[in-house]
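Each chain, written out:
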Amino acid sequence: MDWLRELARRLSMLVYRRQFDADLEEEVRLHLELRQQEQFESGMTANEAWAAARRRLGNATYLKEESRIAWGWEWLENLAQDVRYGARVLRKSPGFTAVAILTLALGIGANTAIFSVINGVLLSPLPYKNPKQLVVIKEHDSLPNVMDIQRQTRAFSQGGGINVEKMDYIGATEPVQVRVGLINAGFLETLGVQPILGRIISPGEDVQGGPRLAMVSNHFWQNCLGSDPHAGGTTIQLGGNSYTVIGVMPASFAPPAEHADVFVSLWVGDPGAAAERDVHIMHTYWRLKKGVTLAQAQADMAAIDRRLAEQYPADEKERKSQLVALQEWLVGDVRSALLVLFGAVGLVLLIACANFASLLMVRAVAGRQELVIRAALGAGRGRLIRKTLTESALLSVLGGAAGLLFARWGTSMLLALRPEKLARLSGIHMDTRVLLFVLVVSVLTGIVFGMAPVWIAARADVAEALKESGRSTTASTMGQNLRKILVISELAVALVLLVGAGLLIKGFSRLRSMNPGFHSANVMTMYVQLPATRYGEIPKQTQFRRELLSRLNSLPGVQAAMVTDIPLGGNYVGHRFVIDGRPPVAVGGEPEVQTLSVMGSYFHVMQIPLRAGREFTPLDRERQPLVAIVNEEMVREFFPHENPIGVRIRWAGGTEPPQWMTVIGVVGDVKHSGLNQPTDPAVYTPFSQNDEAWRRFMTLAIRARDASPGLVEEVKKQIWSLDGQIPVGDVHTMDELIAVSLAQERFNMLLLGLFAALALILAAVGIYGAMAYAVNQRRHEIGIRTALGAQRRDVLRLVLRDGAKIALFGIASGIAGALALTRLMASLLFEVKPTDPATFAGVAILLALVVLAACYVPARRAMHLDPMVALRYE
Amino acid sequence: MHRNEIPPGTLHLLILRTLARSGEMHGYEIANPVQQISDDVLQVEEGSLYPALQPMLIKGWVTAKWGTTAGNRRARYYQLTPAGRKQLDAEMSQFERVIGAITRVIEAV
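The rules behind these values
- Residues numbered from 1 in each chain as written.
- Chains lettered and ligands numbered in written order.
- Predicted model: local features only at pLDDT ≥ 70, side-chain atom pairs only at ≥ 80, totals over all residues.
- Pairing = 2+ DSSP bridges.
- Helix = DSSP H or I, 4+ residues; strand = E, 2+ residues; numbered from the N terminus.
- Core = buried A, V, L, I, M, F, W, Y, C linked by C-beta atoms within 7 Å.
- Buried ≥ 20, exposed ≤ 12 C-beta atoms within 10 Å, placed from the backbone.
- Domains from an automatic or database assignment.
- Contact = placed C-beta atoms within 7 Å.
- Arc of directions from axis to C-beta.
- Axes fitted to C-alpha atoms, helices over the stretch in contact; angles between N-to-C directions.
- Parallel < 35°, antiparallel > 145°, perpendicular 65-115°, else oblique.
- Left-handed = near helix turned anticlockwise from the far one by under 90°.
- Nonpolar A, V, L, I, M, F, W, Y, C, P; charged D, E, K, R; others polar.

(A) Main features of the pairing of strand S7 (residues 241-248) of chain A. Residue and element names in this part refer to chain A. Across two bridges, strand S4 (residues 197-198) lies against S7 in antiparallel orientation. Within S7, the position partnered with Leu197 by the bridge is Val248. Here strand S5 (residues 213-216) runs beside S7; their pairing, made up of four bridges, is parallel. Bridged to Leu213 within S7 is Thr244. With four bridges joining them, strand S6 (residues 235-238) and S7 adopt antiparallel strand pairing. Bridge pairing in S7 places Ile236 opposite Tyr243. Where S6 folds back onto S7 in an antiparallel hairpin, the turn is made up of two residues, including Gly239, whose phi is positive at roughly 55°.

Below you can see the structure in the form of structure tokens.
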């Protein structure tokens, strides 16, 4: 405890140090006066007595100084003094200060923004209990399988699944679709979520014919139940049934990969799908037992898969469940993009730092005279270095602070631009880790890059420097070389970034120009789902669809059709199928295709071209011969050498007698799952010949001359005139769906493009600074040359040659660097090689032009230099 | 004037010893006996007393408070604390050990 009291005494001295000085002053004065009096009494004159007193006391200033130093605050006082001095110097040259701070702020700001995203997405733990133990099975699975795995597993302590389905919710101002998480017992327990009100369902309630119970999300509780603390026991109307609310989830909870407003048992919410082993609709999450590794769990899972395949060959023959750690599964796609961006933004910071260092060096050379004089007057080398470093650190901390502002702005921009995959992960914000990152980066920048001028200062040879009186000396020549190296590295790094951005832009424009297979302009889409309670039978569904389309098509300027799943909407149903007349395939081993039901002139509305045969007509309907239309990929894959028209196909495992469908037409391929995804073989069938009652959903595709908001209201009105309790959701234009599907690529491209532009600007500023400074240094030489008859052309050449040399070195090393680095981003590129020669050449030319432009201004100044003025200057 | 520099560290001891003998003293009062008692053999720059006092204040061996002199002047009075007394004892015995050892060595030669 002694040291604590000691510290308290030291601190109190620091706080009252003015008082301390005054006290000491008074004490010493008293001492002197008493001594003087004593000497005076022993017979000296007053003056002699005073002199004697002072002699006996010693150097009063020194003594006071020593007394103060004893308290150990000297460093702080020096620092304060250096900071004050540094601030004064910086205030005196606002241009330099602004450029230096802005340079750093851009570099640090961009880094911080990206780091906060990385921090939120890659570094922060998932918001679940012990998230490291959580794994996911990549493949969707059916409830019977999930229950078998729950029973048989030796690797998992818990597990469960969820399938989010839209259901209509009656109770709001208009019927709305809510996302219902159909779960089984184990799902919520596995994620370790505790309800804030009430309870979650027990295993005993999660059974066929169990009670209709619902757990609601915090969001639903606030918006639809008015945050009622007694919400437990109230009933809500979902999909035509009443559910009793038994629990409310915390606001922080969401299922890992999707949103859900309400959670109900799959057995209760969709008993038809729950019982079917081949309806693979659940995302399943599992918690590893303590000490079990992912590899062990995978082996255990493979054994379960084998048993299931043997037991149920018709449905599960090709089972192959792949386990992935949940965190990895959630961020897998964005990780590589984020890491590339982080690398890129790190390079931007490097350029900014190089600029910063070179700015400081210019100043250091200019201010060398002052340093030398200080050194001559006895300032210690350490003290001088500290003074210079303080100035750099001050700048870098200011730069960091300004960077933080940039970062706040940048982060909100990132959040606005973020693709869907990132949107699910909230928690992107500035936390202490981000702030620490900024602090470390900016202080390190200040110290490391502030060393450059210190190095020059440290080499200052007093006698030499005073003698040379500011002419170019060894130290400044070395500084000059160092600056050239800095600029060359800046150019090289900028080139790497530009190549990266160029490749992404090229890939993106390739992607953008991909033909999606349909014409998106002026097409509006909406998702409609018929409640099971009133539309359980197919004839009722067909009647509704037919009536709705006829009403919509009677609207002026409107062409409406429907399809089960709209392209780029994120969903499709796959079925296995059999071709008539081909050798039989083992049950469960039949090929799978995408299946889409349509009604109305769907191919017309979407402008999907007909390649052969005919389209569906209103006569292709129930109780008529079954027909199908296939896409070109289907023909390529399954009918490469025959005319598919007239061929009969049927769904695998159907009922007896077999329901053969005749192929009547071939349509063009559609990029259903994304512009950068391969096209799957697809079979279109008429909605009216549908034999699966669970397909109660449909997406309207409406082509209208003007897709105004009024149209949406008009369509809703028509729907509600048929049935007032059917919600309409997912209202998007086809153009929006395309934009969303490109969001991740656009995000990557925009950011890397932005960083490359930043890099280019910084590098241009850097080379401009270097050239301008070099010209300034050589004024004397240029003046002599001009006086001796050199033409302006010669002077121009002299300066540009320097610039060209730097550019050449920079571009050459940049290309080498880019060749080595762009492979890292191969996974982000669409149909562009990481070594695309056109991009490399284009970028090199661009950079060369920028360098030329940056050199031109100082070169012009050199050309127009008046030799008399230049010679007089020194 | 020629000075016999005092061995380093002894200044502490002298100050502590002086304070121990007389209770409260101000700087000038501490400076005087050091030289008088040593018959002016030990010459210290009187002022070095003040830097030497600072560590003692920090360590809490002495405390200082303002008071008035006999001549009715404001002066800072230093006083030994119990911790200071302990320190003095420690330094005294240390000093005696060293002096004793040196004396023995010198007499043996």
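(B) The arrangement of the nonpolar core in detail. All names here are of chain A. Judged by nonpolar contacts, the single largest core of 162 residues is most densely connected at Val348, Leu491, Leu495, Leu497 and Ala759. Sorting elements by how many residues they give to this core places helix H14 (residues 326-366) first, with 20 residues. Two domains each put at least three residues into this core: domain 3 (477-515 + 746-874) and domain 4 (535-722). Ignoring sequence-local partners within four residues, the contact set of Leu495 consists of Gly810, Ile811, Gly814, Ile815, Ala818, Val843, Ala844 and Leu847. Membership of the second largest hydrophobic core comes to 58 residues, among which are Ile246, Met249, Val268 and Leu330.

(C) Looking closely at the environment of A:Val573. Residue placement: A:Val573 occurs in strand S13 (residues 573-579). The spacing of A:Val573 and A:Arg695 is 122 residues in sequence and 10.0 Å in space, taken between C-alpha atoms.

(D) Inspection of unusual backbone geometry at higher detail. All names here are of chain A. For Gln607, which is not glycine, the phi dihedral falls at a positive 55°. Along the chain, Gln607 turns up in the loop between helix H22 (602-606) and strand S15 (610-613). In this structure Gln607 comes out as partly exposed when scored by C-beta crowding, with 14 C-beta atoms within 10 Å. With a phi angle near 55°, Glu831 is a residue other than glycine that sits in the positive phi range. Within the secondary structure layout, Glu831 lies in the loop between helix H28 (792-821) and helix H29 (837-863). Accessibility expressed as a C-beta count within 10 Å gives 10 for Glu831, which makes it exposed.

(E) Spotlight on helix H3 (residues 49-59) of chain B. All names here are of chain B. Among the residues of H3, those classed as buried are Leu49, Tyr50, Ala52, Leu53 and Met56. End-on view of H3: buried residues confined to an arc of 150°, all on one side of the axis. One or two residues past the end of H3 sits Gly60, with phi positive at roughly 85°.

(F) Spotlight on the sheet that holds strand S3 (residues 74-80) of chain B. All names here are of chain B. Strand order in the open sheet made by the three strands is S1-S3-S2, with antiparallel pairing throughout. Edge positions in the open sheet fall to strand S1 (25-26) and strand S2 (62-68), since each of these has one partner strand only. Judged from the two bridges that link them, S1 and S3 form a sheet pairing that is antiparallel. Pairing of His26 across the sheet is with Tyr77, part of S3.

(G) Focus on helix H2 (residues 27-37) of chain B. All of the buried residues in H2(B) are B:Gly27, B:Tyr28, B:Ile30, B:Ala31 and B:Val34. Seen end-on, H2(B) carries its buried residues on one side only, within an arc spanning 160°. On its buried face, H2(B) is in contact with helix H2 (17-41) of chain A together with helix H1 (10-22), S1, H3 and S3 of chain B.

(H) Structural view of the packing of H28(A) against H29(A). All names here are of chain A. Running from N to C, H28 and H29 point in directions that differ by 150°, and their axes come no closer than 9 Å. By the angle between their directions, the pair H28 and H29 is classed as roughly antiparallel. In this structure, the crossing between H28 and H29 has a hand that is right-handed. Across the interface between the two elements, Arg792, Val795, Leu796, Val799, Leu800, Gly803, Ala807, Ile811, Ile815 and Ala818 of H28 pack against Phe840, Ala844, Leu847, Ala848, Val851, Cys855, Pro858, Ala859, Ala862 and Met863 of H29. Counted by class, the contact of H28 with H29 contains 18 nonpolar, one polar and one charged residues.

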